[in-house]
Amino acid sequence: MIALNVMTRGSPMSRPPCPRALTVLARWLLGTILVTWRYLWQTTPLHRTDVREDDERIRPPRLPDSAAGDTVQRAEDGHGPLFHRVFRVRIAEADIDGPRLLEHVCRHFEHFVPSEVVGIRAGELRAQGLDVADELLVEMPGPWNGPVRVVRRDRESLHLVTLRGHMEAGQVQFRAHTDGDLLVFEIELWARAATRLVHVLYSHLRVAKEIQLNMWVRFCLSAVKISGGRLVDGVHIHTRRLSSPPRAARKR
């Protein structure tokens, strides 16, 4: 179960009351079964590549100075290798362009996540939806909370950074643009495990990695549906693993 709590600027991230927690747990138990079933019977082609390479070009992008702070959880704060992942779908005959699709993501984030396991509680957002300094709290049973903050937003992209308490340390970008006659939607992530436990689950047992994969595949397919177009050639997932830690971590 994942619940996204959309917070406006400066609003505290408080724990949900007990009834809310019970709802979260119940939905997780039932939803996990349903998501697992759907994942096993997934008919959408998934084109996966997974390579290990030491290439400085896959380092996370530089964050703006305004994103600095004690609560920001950068990649160098994590454990284990850095994973760079790109989820990409190409859409034919879409009814909207890239900026309009990104506007949907910012205004209606809850429409892109698996509704059977994801609960959305939204604070009072501005008319344009998610914007710089807004925060999202991803809540899951166990040690899986995932707070993030918006650090950039423009017509074709939304850029988030993880905050302290997230299971990962890094960044994620959502992008949409036109390529010829096609609309392309991408999710790009740069992340390391936030703790040694998550590192074991992600890098060795691969549990967290598969949970993340299912989540973002569903997000991409939702983007196709909302665009009004049709998916071309399945979902492409490219994973690169950088074995050496970010330079800032070596200074510790």
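Think of each chain on its own: its residues are numbered from 1, step by step along the sequence as written. Totals for whole chains, interfaces and linings use every residue, but because this is a predicted model, local features are given only for residues with pLDDT of at least 70 and side-chain atom pairs only at 80 or more, for both listing and counting. Think of the side-chain values as coming from all heavy atoms in the structure, minus any hydrogens and water.

The working definition used for a salt bridge is a side-chain nitrogen of Lys or Arg within 4 Å of a carboxyl oxygen of Asp or Glu. Within the structure shown, the criterion is met by seven salt bridges. The partner of Glu 93 in a salt bridge is Arg 230, and the shortest N-O contact between them spans 3.7 Å. Of this pair, Glu 93 sits in the loop between strand S3 (79–92) and helix H2 (98–107) while Arg 230 sits in strand S10 (residues 230–242); the two residues are 137 residues apart in sequence, bridging distant segments of the chain. Linked through salt bridges whose partners overlap, the residues forming this network are Arg 88, Arg 175, Glu 186 and Glu 188. Secondary structure elements are taken from DSSP: a helix is a run of H or I of four residues or more, a strand is a run of E of two residues or more, and numbering for both begins at the N terminus.

Further remarks concern the packing of aromatic side chains. Aromatic pairs are defined between Phe, Tyr and Trp rings, using the six-membered ring for Trp, whenever the two ring centres lie within 6.5 Å; interplanar angles under 30 degrees are classed as stacked, those over 60 as edge-to-face, and all others as tilted. Scanning the model with the defined rule gives seven aromatic pairs in all. Consider the rings of Phe 112 and Phe 219, whose centres lie 5.1 Å apart with planes at 25 degrees: the pair is stacked. In this pair, Phe 112 sits in the loop between H2 and strand S4 (118–122) while Phe 219 sits in helix H4 (residues 207–227), placing the two residues 107 residues apart along the sequence. Here a set of aromatic residues connected by ring pairs shows up, and it is made of Phe 109, Phe 112, Phe 174, Phe 185, Trp 216 and Phe 219.

Right, let's talk about the environment of Pro 60 for a bit. Relative to the elements of secondary structure, Pro 60 occurs in the loop between strand S2 (46–52) and S3. Look at Pro 60 and you get partly exposed, because its relative accessible area is 22%. With 15 residues separating them in the primary sequence, Pro 60 and Ala 75 have C-alpha atoms 7.7 Å apart. Pairs of residues are marked as contacts when any of their non-hydrogen atoms sit within 4.5 Å. In contact with Pro 60, other than residues within four places in its own chain, are Ala 75, Leu 82, Gln 171 and Trp 190. The cut-offs for exposure are 20% and 50% of the maximum accessible area for each residue type, with area from a 1.4 Å probe on protein chains only; residues under the lower value are buried, those over the upper are exposed, and the others partly exposed.

Among the nonpolar cores identified, the biggest contains 34 residues, and Phe 87, Leu 158, Phe 174, Phe 185, Ile 187 and Phe 219 are the most heavily contacted of them. Mapped by element, the contributors of at least two residues to this core are S3, H2, strand S6 (146–154), strand S7 (157–162), strand S8 (168–179), strand S9 (182–193), H4 and S10. Per-element accounting of this core gives the leading share, eight residues, to H4. If we skip the residues at most four places from it in the chain, Phe 185 touches Phe 87, Arg 88, Val 89, Leu 101, Val 105, Phe 174, Arg 175, Ala 176, Phe 219, Cys 220 and Ala 223. The next biggest cluster of nonpolar side chains, apart from the first, holds six residues, and it includes Leu 63, Val 72, Val 151 and Leu 163. For this analysis, a nonpolar core means a set of buried residues of the types Ala, Val, Leu, Ile, Met, Phe, Trp, Tyr and Cys, connected via side-chain atoms within 4.5 Å.

The class for Phe 112 is buried, based on a relative accessible area of 0%. Residues Phe 112 and Trp 216, 104 residues apart in the sequence, show an inter-C-alpha distance of 9.2 Å. Setting aside chain neighbours within four positions, we find Phe 112 in contact with Leu 101, His 104, Val 105, Arg 218, Phe 219, Ser 222, Ala 223 and Ile 226.

pLDDT is a per-residue confidence score from the predictor, ranging from 0 to 100. Put simply, the chain has an average pLDDT of 78, and 66% of its residues get 70 or more. This model gives residues 1–5 a pLDDT under 50, and the stretch forms 34 contacts once residues within four places in sequence are excluded. Across residues 10–16, where pLDDT falls below 50, the model places 10 contacts with residues more than four positions away in sequence or in other chains.

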